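Remarks on the overall topology
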Amino acid sequence: MPTPLVELEAALLQATITLMVLALCVGLWVRTGRAWFGWCAVAWGAYLARLAAIMLFIATTRPVLLYWHQVITGWSALALLWTAAVFARQARWKPRYLVLIAFPPIWSYIAIYRLQNFLLAAAPAVAFLSVATAVTGVVFWRHRRRSNTGGTTVLAVTFLLWAIHHLDYPLLRARGVWTPWGYYLDSLFTLCVGAGILLLINSELTERLRARTEELELLSRKMVRQHEGERRRLSLALHDETAQVFAALKLRLGSIAELVDTPVRSQVDRSLLLVDDGMARLRSLTDDLRPSLLDDLGLLPALRSLVANFAAQHGSSVQFNAPDSLPALPLDADVVFYRALQEGLANVTRHAGDAAVTIGVAVSEDTLQLIVRDEGPGFDTDSPAYQAAVATRMGLAGMQERAAAVGGDVRITSTPGQGVSLRLRVPLVHRSTNR
């Protein structure tokens, strides 16, 4: 038979663990103001008082302490049940619940002071405690079927197993056979409840993070659209208005050239060349702002045109590999692809000079991928200088933001002396349906 000291040590261990769970619930209630955390704190506060009563009873053997231990045990089980109901939003107070609250003090008095038969005295109290705990587990289990979170699963299973464990009281624990292992098992269940609460908080924070991420992605997509819309408006304004002014000026200069003498005509011809150069620069600027091919013919012809212009201007060895057609892309993904290739070729011009360039477009089951690889000098992607460039250079940052806005990602890999590889991946079906 275990000594009272062993039982006191086991009860003290359980009290310490209970105090930790109580502190967790109080902290969460203060931080969030949620009612179910407050009731959880009340329940574990009552459970701590129950342990204090049984420890004092072990030390003094006073019947009144055993009485209050039994009463608070029933009340703590009811408080945990009410906590589960508040958590699951099923809490509606009804006057008949007063009968449940009155049962522990009434029956504990009868069992301790009036009945001589131990099993007759213990059975109703144990049944009450076990049923209340089992119902608590059922409430969490039903909520788990709706929310499917790990925290509710842990809480449901813990309380259901704890309800079964309560049934051993008349046979083992009250006779000292299960001491101190009964305390240890109760301590384990208490720890599991604390773990379940933490898992619930973690699931909630994860869900909030997911929602915030979707909000940021939606905002990023809107910014990309607004940015592209503004670029398109400027492109159309330059094409429709400024280009017409240049065209009219060229016609006027041509008419003047037919009316003037040869010395003056040569000046007019040079002016015509300047107008042609201005019109060419204007066309290049409007194409950079918003390529008409992208709107008129689609992504693949626009990419081919961009690669052809790059090869013609820089004389580099350029290889372009792409399928004959591309699947339908998510909204704005064509712009993201075009801008990524545009920025990738601009980086080749700035850092790789006339190095050979290979450009590939690949389609998988759920992803469209762009790879731009050059054979330039390369660099160390782990160097502080590169990290600072990524953080401050608008081209790289803008490319990453655009890709993230459509659920994609950009990765740049390089090794000194072995060139640079830029890879853009965009899902063909974006995970968010917000537009």
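Read on for a plain summary of the structure. (Residues numbered from 1 in each chain as written. Predicted model: local features only at pLDDT ≥ 70, side-chain atom pairs only at ≥ 80, totals over all residues. Heavy atoms only, no water.)

**A look at the overall build of the chain**
In plain terms, the rule: Numbering of helices and strands starts at the N terminus; helices are DSSP runs of H or I of at least 4 residues and strands are runs of E of at least 2. Working definition: with a 1.4 Å probe on protein chains only, accessible area under 20% of the residue-type maximum means buried, over 50% means exposed, and in between means partly exposed. The criterion used for residue contact is that any of the two residues' heavy atoms lie within 4.5 Å. Note that accessible areas follow from Shrake-Rupley with a 1.4 Å probe, and for residues the cover is restricted to the protein chains shown.
The number of helices and strands found in the chain is 13 helices and 5 strands. By residue count, 41% of the 435 residues in the chain fall in the buried class. Sequence-distant contacts in the chain: of pairs separated by 6 or more residues, those separated by 24 or more amount to 71%. With the model as given, the accessible surface of the chain reaches about 24100 Å², and the carbon-plus-sulfur share is 61%.

**Re the nonpolar core**
The condition that has to hold: Side-chain atoms within 4.5 Å link the members of a nonpolar core, which is a set of buried Ala, Val, Leu, Ile, Met, Phe, Trp, Tyr and Cys residues.
In terms of nonpolar packing, the biggest core is built from 37 residues, with Trp44 and Ile197 touching the most fellow members. With sequence-adjacent residues up to four places away left out, Ile197 is seen in contact with Leu24, Cys25, Leu28, Trp36, Phe37, Cys40 and Leu155. Within the second largest apolar cluster, 36 residues are counted, among which are Leu294, Leu303, Leu341 and Leu422.

**Thoughts on helix α10 (residues 299–314)**
What counts is decided by this rule: The span you would expect from a helix comes to 1.5 Å times its residue count less one. The arc in question is formed by the directions pointing from the helix axis toward the C-beta atoms.
Along its 16 residues, α10 runs 23 Å from first to last C-alpha, staying within 8% of the 22 Å computed at 1.5 Å per residue. If you check which residues of α10 are buried, you get Leu299, Leu300, Ala302, Leu303, Leu306, Val307 and Phe310. Viewed end-on, α10 has its buried residues packed into an arc of 165°, placing them on one side of the element. Trailing α10 by a residue or two, Gly315 shows a phi angle of about 65°, which is positive.

**Side note on the packing of α10 against helix α11 (residues 333–351)**
Convention followed: To obtain each axis, a line is fitted to C-alpha atoms, and for helices this fit is confined to the stretch in contact; angles are then taken between N-to-C directions over 0 to 180 degrees. Roughly parallel refers to an angle under 35 degrees, roughly antiparallel to one over 145, roughly perpendicular to one between 65 and 115, and oblique to any angle outside these ranges. For this classification, the nonpolar set comprises Ala, Val, Leu, Ile, Met, Phe, Trp, Tyr, Cys and Pro, the charged set comprises Asp, Glu, Lys and Arg, and every other residue, Gly included, is treated as polar.
Look at α10 against α11: their axes get within 10 Å of each other, and the N-to-C directions meet at 10°. Here α10 lies roughly parallel to α11, going by the angle between them. Counted together, Leu299, Ala302, Leu303, Leu306, Val307, Phe310 and His314 of α10 and Asp334, Phe337, Tyr338, Leu341, Gln342, Leu345, Val348 and Thr349 of α11 form the full contact between these two elements. Looking at side-chain class alone, the contact of α10 with α11 contains 11 nonpolar, 3 polar and 1 charged residues.

**Quick word on the sheet that holds strand β5 (residues 420–427)**
Heads up, the rule is: Whether two strands pair comes down to DSSP finding at least two bridges between them.
If you trace the 5 strands from one edge of the open sheet to the other, you get β1-β2-β3-β5-β4, paired in mixed fashion. The two strands at the open ends of the sheet, each matched to only one other strand, are β1 (318–321) and β4 (409–414). Adjacent strand axes in the sheet meet at a mean angle of 10° when their direction is disregarded. The pairing of β1 with strand β2 (residues 357–363) spans 4 bridges and is parallel. For Gln319, the partnering residue across the bridge sits in β2 and is Thr358. Each of β1 and β2 is contacted by α10, which is oriented at about 170° to β1, the strand it contacts most. Its contacts with the sheet place α11 against β2, β3 (367–374) and β5, and it is angled at close to 10° to β3.

**A closer look at the pattern of salt bridges**
Note the threshold: Salt bridges are identified by distance alone: a Lys or Arg side-chain nitrogen within 4 Å of an Asp or Glu carboxyl oxygen.
Overall, the coordinates contain 8 salt bridges when judged by the stated rule. A salt bridge links Glu204 to Arg34; its shortest N-O distance comes to 2.1 Å. Within this pair, whereas Glu204 is found in helix α7 (residues 181–259), its partner Arg34 is found in the loop between α1 (4–32) and α2 (35–60), the two being separated by 170 residues in sequence. Residue classification places Arg34 among the partly exposed positions, given a relative accessible area of 27%. The residue Arg208 makes a salt bridge to Glu204 at a minimum N-O spacing of 2.8 Å. In this pair, Arg208 and Glu204 are both assigned in helix α7, 4 residues apart and thus about one turn of the helix distant. With a relative accessible area of 23%, Glu204 lands in the partly exposed category. Among the ionic contacts, a cluster of salt bridges with common partners joins Arg34, Glu204 and Arg208.

**Points about a nonpolar patch on the surface**
Applicable threshold: A patch consists of residues exposed above 30% relative accessible area that lack any salt bridge, with like charges linked at up to 9 Å and nonpolar side chains (Val, Leu, Ile, Met, Phe, Trp, Tyr) linked at up to 5 Å.
Together, Val64, Trp68, Trp75, Trp93, Leu98, Ile101, Tyr109 and Tyr113 give the surface a local cluster of nonpolar side chains, amounting to about 750 Å² of exposed area. At the level of elements, α3 (63–87) and α4 (97–114) are the ones that each hand at least two residues to the nonpolar patch. The greatest single-element share of the nonpolar patch, amounting to 4 residues, is contributed by α4. Inspection of the secondary structure assignment puts Leu98 in helix α4.

**Some words on the side chain of Thr158**
Relative to the helices and strands, Thr158 is located in helix α6 (residues 150–166). The buried category is assigned to Thr158, whose relative accessible area is 5%. Among residues more than four places away in sequence, those in contact with Thr158 are Phe189, Cys192 and Val193.

**Regarding unusual backbone geometry**
Despite not being glycine, Thr61 has its phi angle at roughly 60°, a positive value. Along the polypeptide, Thr61 turns up in the loop between α2 and α3.

**Side note on the packing of helix α5 (residues 118–147) against α6**
For the record, the criterion: A crossing counts as left-handed when the near helix is turned anticlockwise from the far one by less than a right angle, and as right-handed when that turn is clockwise.
Where α5 meets α6, the axes come as close as 8 Å, and the angle between the chain directions of the two elements is 160°. The angle between the axes of α5 and α6 places the two elements in the roughly antiparallel class. Between α5 and α6 lies a crossing of left-handed hand. Of the residues that constitute the contact of α5 with α6, the class distribution is 13 nonpolar, 9 polar and 1 charged.

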